[in-house]
Amino acid sequence: MGDPPRMTLNILKVLTVLFEDPTAEHYGLEVGQAAGLRGGSLYPVFGRLEDAGMVVSRWEDVDPAEAGRPRRRLYRLTPTGVVYARQALAEARQNLTPGQEHAAAWGHIPGFPVPGGASA
Amino acid sequence: LSGWLIAILATLVTLLLGVVKADLEDAKVCRWLARHLIYRAAERLPRAERARWREEAISDTLALPPGRLPPLLWALDVYRRSASWAQTRGAPSRWELLVDRVRAAWEWVRSLPQARMRSREESKQHHPSRNEETAQEIMATAGIDAAPAVGMAAVGTTRSSGTATLGRPQQPWATPAGWRDGMMHLSDHDFIRWLDQQRQAFDDDIDRKVEEYRLTRDRVLAGG
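Residues numbered from 1 in each chain as written. Chains lettered and ligands numbered in written order. Predicted model: local features only at pLDDT ≥ 70, side-chain atom pairs only at ≥ 80, totals over all residues. Heavy atoms only, no water.

A.B. asks: Before we move on, can you summarise the packing of aromatic side chains with the specific residues and values?
C.D. replies: Note on aromatic pairs: each is described by the distance of the centres and the angle between the planes. This structure, assessed with the given rule, holds five aromatic pairs over all chains. Judged by centre distance (6.1 Å) and plane angle (75°), the ring pair of tyrosine 43 of chain A and tryptophan 74 of chain B falls under edge-to-face. Linking tyrosine 43 of chain A in helix H3 (residues 39–51) with tryptophan 74 of chain B in helix H4 (residues 69–80), this pair reaches from one chain into another. Neither residue differs from the other here; tyrosine 43 of chain A and tryptophan 74 of chain B are each classed as buried. Taken together through their ring pairs, the aromatic side chains of Tyr43 of chain A together with Trp53, Trp74 and Trp85 of chain B make up a single cluster. Here the guanidinium or amino end of arginine 71 of chain A rests over the ring plane of tryptophan 59 of chain A, the centre of that ring lying 4.4 Å away. Between arginine 72 of chain A and the ring centre of tyrosine 27 of chain A, over which it is positioned, the NZ or CZ distance is 4.0 Å. (Phe/Tyr/Trp six-rings, centres within 6.5 Å; stacked < 30°, edge-to-face > 60°. Helix = DSSP H or I, 4+ residues; strand = E, 2+ residues; numbered from the N terminus. Buried < 20%, exposed > 50% of the residue type's maximum accessible area, 1.4 Å probe, protein only. Lys NZ or Arg CZ within 6 Å of the ring centre and 35° of its normal.)

Given below as structure tokens:
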């Protein structure tokens, strides 16, 4: 297992989709459509997550002739990946919430979110 | 003139776009193009990973909603980002590839004189005059029997000039090595002398034949 990948917006999007149901397996296109990513951005993210041991993948166990389509590559979060995703998503939410310095500057605006849940 | 040029160019572009549009309206062409782009993108990845990503990307394009453009756009995006993707997978960058190619080309250019010298040496080694085995092989392949050749050479030299070999053995053609020993050892001076003698012998032979012809002709005319 490698080091945790450098957090990027694309990684965050993929983790969000996978974290919705950590035990479920998703194929690339499904995750891409849910995360709003196309192949060129999606596959590198899967590669990095897999290298870091956050995600495992396997080929779908179907007969292409019977299914009428080629087999798919299925991805699932590992236990380490679940912990990492939870932490990363929590950090991202926290970073997206305005801090005290913003509250001081913008808190007088009605509806502006302030740390602690109350709004101005 | 520029107006005509623009009109011609516009016509050509319109025709070209029409052809491209007609092709893109064919779903099979789009699928083929998408597959081709994915193959090209996968070629940039490290060898061990190509098959897996290629299969996955193609599988995903086939799972896209039916239509001409979605698979093509998906494949285009994969291709567009494949260079940076390949770098994250450990493949060399384009710049590194370019440097490697230039370096390889430079090494090749530098090695040319040595290769030429080596080739020349090999060629010399295999030349019949240097290599008896090669000479025998060539003669065998050509169906040349050494014995008649020796006989012919002996007759030729005897008839043309008794001193053709300058006192050397009378079988210079017995083997290539013999030929070499019989001829190649001569100095320039001796070789020119030998050539002179050969030429003189040839002229004498011609004169003799002409004289014989005249005599025969006169005899025939007198008899007739």
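A.B. asks: Describe the packing of helix H1 (residues 9–20) of chain A against helix H5 (residues 79–96) of chain A, listing the residues and the values that go with them.
C.D. replies: For any two helices packed against each other, one specifies the inter-axial angle together with the distance between the axes. Residues and elements named next belong to chain A. Remark: H1 packs on H5, axes separated minimally by 10 Å, with the N-to-C direction vectors making an angle of 120°. As judged from the angle between their axes, H1 and H5 are oblique. For the crossing formed where H1 meets H5, the hand is left-handed. Facing H1, whose interface residues are Leu12, Leu15, Thr16 and Phe19, H5 presents Val82, Tyr84, Ala85, Arg86, Ala88, Leu89 and Ala92. (Axes fitted to C-alpha atoms, helices over the stretch in contact; angles between N-to-C directions. Parallel < 35°, antiparallel > 145°, perpendicular 65-115°, else oblique. Left-handed = near helix turned anticlockwise from the far one by under 90°. Contact = heavy atoms within 4.5 Å.)

A.B. asks: Tell me about the pattern of salt bridges, and name the residues and values.
C.D. replies: Residues and elements named next belong to chain A. Using the criterion set out here, one finds 17 salt bridges over all chains in the structure. For glutamate 25, the salt bridge is made with arginine 58, and the minimal N-O distance between the two is 2.8 Å. Of the two residues, glutamate 25 is situated in the loop between H1 and strand S1 (26–27) and arginine 58 in strand S2 (residues 55–59); the sequence distance between them amounts to 33 residues. Under the relative-accessibility criterion, arginine 58 is labelled partly exposed at 37%. The salt bridge involving glutamate 50 is made with arginine 73; its shortest N-O contact spans 4.0 Å. Within this pair, whereas glutamate 50 is found in helix H3, its partner arginine 73 is found in strand S3 (residues 73–77), the two being separated by 23 residues in sequence. (Salt bridge = Lys/Arg side-chain N within 4 Å of Asp/Glu carboxyl O.)

A.B. asks: I'd like a rundown of the interface of chain A and chain B, residues and numbers included.
C.D. replies: If you look at the interface, chain A gives 24 residues, while chain B gives 18 residues. With both sides pooled, the region where chain A packs onto chain B buries about 1900 Å², and carbon together with sulfur makes up 59% of that total. Considering only the side of chain A, the residues that lose the most area to chain B are Leu29, Arg38 and Tyr43 of chain A, jointly responsible for 35% of the buried surface there. Where chain A meets chain B, there are three salt bridges. Notably, a salt bridge pairs aspartate 51 of chain A with arginine 89 of chain B, separated by 2.8 Å at the nearest N-O pair. Summed over the shared surface of chain A and chain B, the number is twelve residue pairs in polar contact (both at pLDDT 80 or more). (Buried area = accessible area lost by both parts, 1.4 Å probe. Polar contact = N/O pair within 3.5 Å; in protein donor to acceptor, adjacent residues only side chain to side chain.)

A.B. asks: For the sheet that holds S1 of chain A, give the residues involved together with the corresponding values.
C.D. replies: Residues and elements named next belong to chain A. Strand order across the open sheet formed by three strands is S1-S3-S2, with antiparallel pairing between neighbours. Of all strands in the sheet, those bounded by a partner on one side alone are S1 and S2. Of the strand pairs in this sheet, S2 and S3 are connected by five bridges, and their pairing is antiparallel. Bridge pairing in S3 links serine 57 to tyrosine 75. (Pairing = 2+ DSSP bridges.)

A.B. asks: Give a detailed account of the environment of proline 65 of chain B, specifying residues and quantitative values.
C.D. replies: Relative to the helices and strands, proline 65 of chain B is located in the loop between helix H3 (47–63) and H4. Setting aside residues up to four positions removed in sequence, proline 65 of chain B forms contacts with Gln33 of chain A together with Pro70 of chain B.

A.B. asks: Please give an account of H3 of chain B that cites residues and values.
C.D. replies: The terminal C-alpha atoms of H3 of chain B lie 25 Å apart, and with 17 residues this matches the ideal 24 Å at 1.5 Å per residue to within 8%. When H3 of chain B is considered as a whole, its buried residues turn out to be Glu49, Arg50, Arg52, Trp53, Arg54, Glu56, Ala57, Ile58, Ser59, Asp60 and Thr61 of chain B. (Expected span 1.5 Å × (residues − 1).)

A.B. asks: With reference to specific residues and values, describe the packing of helix H2 (residues 27–43) of chain B against H4 of chain B.
C.D. replies: Residues and elements named next belong to chain B. Two elements in contact, H2 and H4, have axes whose closest approach is 8 Å; the angle formed by their N-to-C orientations is 15°. Regarding the angle of H2 to H4, the classification is roughly parallel. As H2 packs across H4, the resulting crossing turns out to be left-handed. Contacts from Cys30, Arg31, Leu33, Ala34, Leu37, Ile38, Arg40 and Ala41 of H2 reach H4 at Pro71, Leu72, Ala75, Leu76, Val78 and Tyr79. Classifying every residue of the contact of H2 with H4 by side-chain character gives twelve nonpolar, no polar and two charged. (Nonpolar A, V, L, I, M, F, W, Y, C, P; charged D, E, K, R; others polar.)

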